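Take a look at the letters that make up each chain.
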Amino acid sequence: MSPTFRSLRNPNYRLYAAGNLVSNIGTWMQRVAQDWLVLLLTANSAAAIGITTGLQFLPFLLLSPVAGLVADRIPKRRLLQMTNIGMAVPAVLLGVLAVTGTVQIWHVYVFALVLGVASAFDAPARQSFVSEIVDADDLTNAVGLNSAGFNSARLLGPAIAGVSIALLGSGVVATGWVILINALTYIAPVMALARLDGSALHVAALVRRQPGQIRAGVSYVRQRPDLMLILGIVFFTGTFGLNFQMTSALMATQVFDKGSAEFGMLGTFLAVGSLAGSLLAASRERVRHRLVVGAAVVFGLVEIVAGLAPSYLTFALLCPVLGFTALTMITSANAFMQLNTDEGMRGRVMALYMMIFIGGTPLGAPLLGWVGEVFGARWTLIGGGAMTVAGVLLAGALYLRAKSVAEGRPALDLVHA
């Protein structure tokens with residue numbers, strides 16, 4: 001078997017990855033359907049999409065520290081089954097409201113928030129559970145393949161959703177059927193988790209309840225300049241750069257005057273590059289922080305160019321480059337955090353990672369939505385890319401300063417670091 005796919009030799013990993021692939025296809029279908037539903041209910045309001053996206057990711061900002069501690073205290077396999085059921089419920093309810101034609105915009109806001117709560121508890125458990133399935137030598141590969149599966153779903157989901165919505169009439173009812181399909185896909189990971197061979201898992205020792213455990217996780221990260229650098233990078237890219245769900249919808253409808261099928265295809269083009277970036281990451285045996293920095297800077301620059309694209313075709317052709325650079329950064333950052341964190345802290349550290357990475361979206365999405373309303377959709381990409389580059393350079397400068405202090409070098413040596 002190719003080294004790129006070596007984790008698939010593990011039967012537990014194959015089963016786990018297959019369940020996640022089915023669920024992720026449904027998730028991407030709902031993301032397209034939900035955005036299209038918001039546009040239908042609000043007469044193409046950029047601010048409404050920004051609010052919806054912000055509400056969906058707000059729980060990551062508020063609940064991630066607690067969710068990380070829960071992931072260290074409760075068996076992750078059981079917790080993941082619970083969170084998948086928790087994500088299916090709001091999808092069922094929103095889908096039924098849309099199919100019956102009774103949905104209102106405030107329903108979308110409420111269920112986006114509920115989905116976000118379940119997702120906030122799912123993320124740290126899911127991120128750190130991979131290390132219990134595969135050996136340490138295969139962890140980087142498994143993280144890369146997870147991203148490849150996620151982006152294979154991103155390749156299929158938006159295209160299926162866009163075509164399905166168009167075939168069903170492009171209306172509110174059409175979006176409801178797509179959302180209900182997503183609700184059914186959560187059955188796959190629940191069943192896959194139930195069928196895993198428990199004797200082959202490397203189950204981490206559960207952390208006992210005691211005071212100050214969340215503070216201990218924060219303190220652990222603060223004492224690690226290398227981890228702080230990665231967190232700084234993912235904050236700026238996640239907050240300002242990785243709002244494709246919103247920016248592609250605005251570019252498709254407001255700038256290029258396209259419909260649901262063309263909007264869905266933009267997600268597919270993004271996924272082509274994302275999948276390539278994930279597979280390249282899976283082939284690496286080591287991950288250095290320099291790769292994360294370089295990929296983030298290039299991503300920000302390409303995003304600025306995409307905001308200046310003169311036509312839909314040009315924008316679509318830039319989407320794979322955006323996806324490739326974004327996923328190179330994301331996958332490398334994720335693997336670096338897991339491989340360089342003590343086992344007993346991994347749940348809490350990955351929760352902080354997800355809180356900063358995804359939790360910044362409630363700050364950035366409404367801001368970029370406002371920018372889109374006032375200055376136009378192009379500036380959501382131009383501004384997001386510029387903020388990403390500036391933020392990454394700032395995080396790099398702070399890292400070099402902290403490193404020079406830790407090594408006892410004078411401040412002037414920072415220039416030669």
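The structure this text deals with has already been given above.
Bear in mind that the values here come from a model prediction, so they are computed numbers and not experimental data.

Bringing the overall build of the protein chain into the picture now. Check the secondary structure of the protein chain and you find 16 helices and 0 strands. Relative to the compact-globule value of 22 Å for 417 residues, the protein chain shows a C-alpha radius of gyration of 21 Å, a close match. Here the protein chain holds 417 residues, and 55% of them are scored as buried. Of the contacts formed within the protein chain by residues at least 6 apart in sequence, a portion of 87% connects residues at least 24 apart. Summed over all atoms, the accessible surface of the protein chain reaches about 16,900 Å², with 67% contributed by carbon and sulfur. Counting 27 positive and 18 negative side-chain charges, the protein chain places the averaged centre of each group 4 Å from the other.

The subject of this paragraph is the pattern of salt bridges. For the structure on display, the rule yields 3 salt bridges. When the shortest N-O distance is used, the salt bridge between K76 and E132 registers 3.3 Å. Residue K76 is found in helix α3 (residues 76–99), and its partner E132 is found in helix α4 (residues 105–133); the two are separated by 56 residues along the sequence. R224 is the partner of D226 in a salt bridge, and the nearest nitrogen-oxygen pair spans 2.9 Å. Residue classification places D226 among the buried positions, given a relative accessible area of 16%.

Where helix α1 (residues 11–42) meets helix α2 (residues 46–73), the axes come as close as 9 Å, and the angle between the chain directions of the two elements is 140°. Regarding the angle of α1 to α2, the classification is oblique. Of the two possible hands of crossing, α1 and α2 adopt the one that is right-handed. For the pair formed by α1 and α2, the contact residues are Q34, D35, V38, L39 and T42 on the first element and A48, I49, T52 and Q56 on the second. In the contact of α1 with α2, the residues fall into 4 nonpolar, 4 polar and 1 charged.

Right, let's get into helix α9 (residues 225–241). For α9, built from 17 residues, the straight-helix expectation of 24 Å at 1.5 Å per residue is met to within 8% by its first-to-last C-alpha distance of 23 Å. Taking burial as the measure, the 17 residues of α9 include 14 buried ones, the bulk of the element.

Cut-offs used in this document
Residues numbered from 1 in each chain as written. Predicted model: local features only at pLDDT ≥ 70, side-chain atom pairs only at ≥ 80, totals over all residues. Heavy atoms only, no water. Helix = DSSP H or I, 4+ residues; strand = E, 2+ residues; numbered from the N terminus. Rg over C-alpha atoms; globule rule 2.2 N^0.38 Å. Buried < 20%, exposed > 50% of the residue type's maximum accessible area, 1.4 Å probe, protein only. Contact = heavy atoms within 4.5 Å. Areas by Shrake-Rupley, 256 points an atom, 1.4 Å probe, with all protein chains shown as cover. Lys, Arg positive; Asp, Glu negative; His and termini not counted. Charge placed at Lys NZ, Arg CZ, Asp CG, Glu CD. Salt bridge = Lys/Arg side-chain N within 4 Å of Asp/Glu carboxyl O. Axes fitted to C-alpha atoms, helices over the stretch in contact; angles between N-to-C directions. Parallel < 35°, antiparallel > 145°, perpendicular 65-115°, else oblique. Left-handed = near helix turned anticlockwise from the far one by under 90°. Nonpolar A, V, L, I, M, F, W, Y, C, P; charged D, E, K, R; others polar. Expected span 1.5 Å × (residues − 1).

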